[in-house]
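# An overview of the molecular structure
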Amino acid sequence: MAYFDNNATTMPCEAAVLAARRAMEELWHNPSSVHRPGQAARAAVELARQDLALLIRANARDLILTSSGTESIDLAIRGVLAPSKRRVLVTTPVEHAAVRDLAEHLGRQGVEVRTLPLIPGGRVDVSALAGVIDESVAMVSVQWANNETGLVQPLAEIARAARAAGAVMHSDGVQWVGKETTDVHTAGVDLLSFSAHKFHGVKGCGVLWVRPGVRLSPTTLGTQELGRRGGTEAVPAILAAGAAAREAAAWLASPEGRTRIRAARDLLEERILARIPDAVVNAGGERLWNTSNIGFPGLQAEALLMLLSERGVCASAGAACSSGSLEPSPVLLAMGVPERIAHGSIRLSLSRYTTQREVGECADTLVASVQRLRASGGV
Ligand code: PLP
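Once a new chain begins, its residue numbering starts again from 1 and follows that chain's sequence as written. It should be noted that, the model being predicted, local features are given only for residues of pLDDT at least 70 and side-chain atom pairs only at 80 or more, the latter also being counted only at that level, while totals for whole chains, interfaces and linings use all residues. Only hydrogens and water are removed before side-chain values are computed, so all heavy atoms of the structure are retained for them.

## As for the sheet that holds strand β14 (residues 345-349)
Strand pairing is assigned whenever DSSP identifies at least 2 bridges connecting the two strands. The secondary structure listing takes helices from DSSP runs of H or I that are at least 4 residues long and strands from runs of E that are at least 2 residues long, numbered from the N terminus. In spatial order, the strands read β9-β10-β14; together these three strands make up an open sheet with antiparallel pairing. The open sheet has two free edges, formed respectively by β9 (280-281) and β14, since each of these has just one partner strand. Note that strand β10 (residues 291-295) and β14 share five bridges and pair antiparallel. Bridging across to β14, serine 292 finds its partner in leucine 348.

## Quick notes on the site of the ligand
Within the structure, the ligand sits among 13 residues, and Thr70, Asp172, Gln175, Ser195 and Lys198 are positioned closest to it. For the ligand, an oxygen atom lies 2.7 Å from a polar atom in the side chain of glutamine 175. Protein coverage of the free-state accessible area of the ligand, which is 390 Å², stands at 88%. Cavity membership is defined here by more than half of the atoms lying within 2 Å of grid points; on that basis the ligand lies in the largest pocket. The element best represented in the shell around the ligand is helix α3 (residues 69-81), accounting for three residues. For the shell around the ligand, a count of residues per class yields two nonpolar, nine polar and two charged. Here, proximity means that at least one heavy atom of the residue falls within 4 Å of the molecule or strand. As used in this structure description, the phrase polar contact means that two N or O atoms lie within 3.5 Å; if the pair is within protein, one of them must be able to donate a hydrogen and the other to accept it, and residues adjacent in sequence are counted only when both atoms belong to side chains. Surface accessibility in these figures is a Shrake-Rupley result with a 1.4 Å probe; residues are shielded only by whichever protein chains are displayed. Only protein atoms enter the 1 Å grid used here. Points where a 1.4 Å probe fits but cannot escape make up a cavity, open sets with protein on both sides within 12 Å along at least five of seven lines make up a pocket, and a residue lines them when an atom lies within 4 Å of a point. Cavities and pockets are treated as containing a molecule whenever more than half of the molecule's atoms lie within 2 Å of their grid points. Under this grouping Gly is polar, as are all residues other than the nonpolar Ala, Val, Leu, Ile, Met, Phe, Trp, Tyr, Cys and Pro and the charged Asp, Glu, Lys and Arg.

## Looking at the sheet that holds strand β2 (residues 63-66)
The strands making up a sheet associate through hydrogen bonds between their backbones, and the pairing can be parallel or antiparallel. What the seven strands build is an open sheet, ordered β2-β8-β7-β6-β5-β3-β4; its pairing is mixed. The sheet is open, and its two borders are formed by β2 and β4 (112-115), each paired with just one other strand. Within this sheet the neighbouring strands show an average axis-to-axis angle of 20 degrees, counted without direction. Pairing geometry for strand β6 (residues 168-172) and strand β7 (residues 191-195), over three bridges, is parallel. Bridged to aspartate 172 within β7 is serine 193. Against the sheet, helix α2 (residues 36-55) engages β2, β7 and β8 (206-210), with an angle of about 115 degrees to β2. A fitted line through C-alpha atoms serves as each axis, taken over the contacting stretch for helices, and the angle formed by two N-to-C directions is quoted from 0 to 180°. Throughout, a contact is declared for two residues whenever any of their heavy atoms are within 4.5 Å.

## With respect to the nonpolar core
One finds Leu52, Val140, Phe296 and Leu348 to be the most contacted residues of the largest nonpolar core, which totals 93 residues. Residue contributions to this core peak at twelve residues, all from helix α8 (residues 235-252). Setting aside anything within four residues of it in sequence, one finds leucine 348 in contact with Phe4, Leu268, Ile272, Asn290, Thr291, Ser292, Ile294, Ala315, Cys362 and Leu366. Definition used in this section: a nonpolar core is a set of buried Ala, Val, Leu, Ile, Met, Phe, Trp, Tyr and Cys residues joined via side-chain atoms within 4.5 Å. A 1.4 Å probe rolled over the protein chains alone gives each residue an accessible area, and that area as a share of the maximum for its type sets the label: buried under 20%, exposed over 50%, partly exposed in between.

## Overview of empty space enclosed by the protein
Any space left empty among the atoms is revealed by the rolling of a water-sized probe across them. Grid points are joined across faces, edges and corners, and a volume is the space filled by probe spheres set on the points. One pass over the full model with this rule turns up three cavities of 30 Å³ or more. Space inside the largest cavity adds up to approximately 90 Å³. Lining the largest cavity are 13 residues, and of these Gly178, Lys179, Lys198, His200 and Trp289 lie nearest its centre. A class-by-class count of the residues in the lining of the largest cavity yields four nonpolar, six polar and three charged.

## Quick word on the environment of arginine 21
Along the chain, arginine 21 turns up in helix α1 (residues 14-25). Taking the C-alpha atoms as reference, arginine 21 lies 8.7 Å from alanine 240; in sequence the two are 219 residues apart.

Here you go:
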């Protein structure tokens, strides 16, 4: 299969697989145990924490290891709101469901949820920040990069407005960290969530970075992670995450890798647009080097994804499939993509392992599949 679903999850790199395997075979003891094998597991976890911290230029002691990006986000938002006297959460309509669904849930529990207006294309309208972020706001939570289109948000400007109002700034960095150079000190954020399976780690390790001094209540009580997140550490996933972070940092150290994949992504789009002239790239502004979201007016994304899968290409769309029909992605609609195009939009996401051959296969298969569906009635 040609794999173009890297924003959903990535193939674990070899170093991550070896690290997870070593953890399962040799370091399977409880890192909280005082005996020697337990302490060996503890030491390995702490080394992995350092590698994860280096990826975002942070101090290892400020990282909380969780089970996923979703859990990190949940801990960040609930954990800051709980001890705060302020009852307002500010976010955007283009967040991942991990933020959007939580915001909706908190809204039903009495938290006032405000959404930042967007400019066409989906970026936050920075001229509107002052009208939304005031001194009643406890937290501003805005994604760094969007999972469906790769669109990058003007985080530093939003963080500045949050800080001016005395609000805590969180970012969902799940699609950003590991793909782009990250420095928590210049980003302006107070909390940053990310997830190892998006940068060639394995599933089961998320990270929440918390700036020292930010008040955070735990949502799962226990002694681990200095009392900030209870639960015995998932040592295999954590060691794999550390190994993946090391490899990602090495890959990011020079820009050539990103330039190469960006060029492959652009070529993929060019080849598709050259043969399907009414196709539309849902970009919206500066975006990640690996993500392409393309709309085929009049088509149903689900039918196209199934045909692509039969023909050996893995891709996805930004919405959950329910009762056999794919609702258009609310995120694309919020970005201003017309419904007719949103219905037929799919996401192709590359990784540093994507080859030219796969790009060629993907373009040819996609074009043939769109033509076939259109010939058979445009379903
Ligand atoms: N936030 C974004 C932007 C994502 O793309 C994802 C996963 O797709 C998540 C959060 C959730 O991360 P995880 O799958 O580790 O729970």
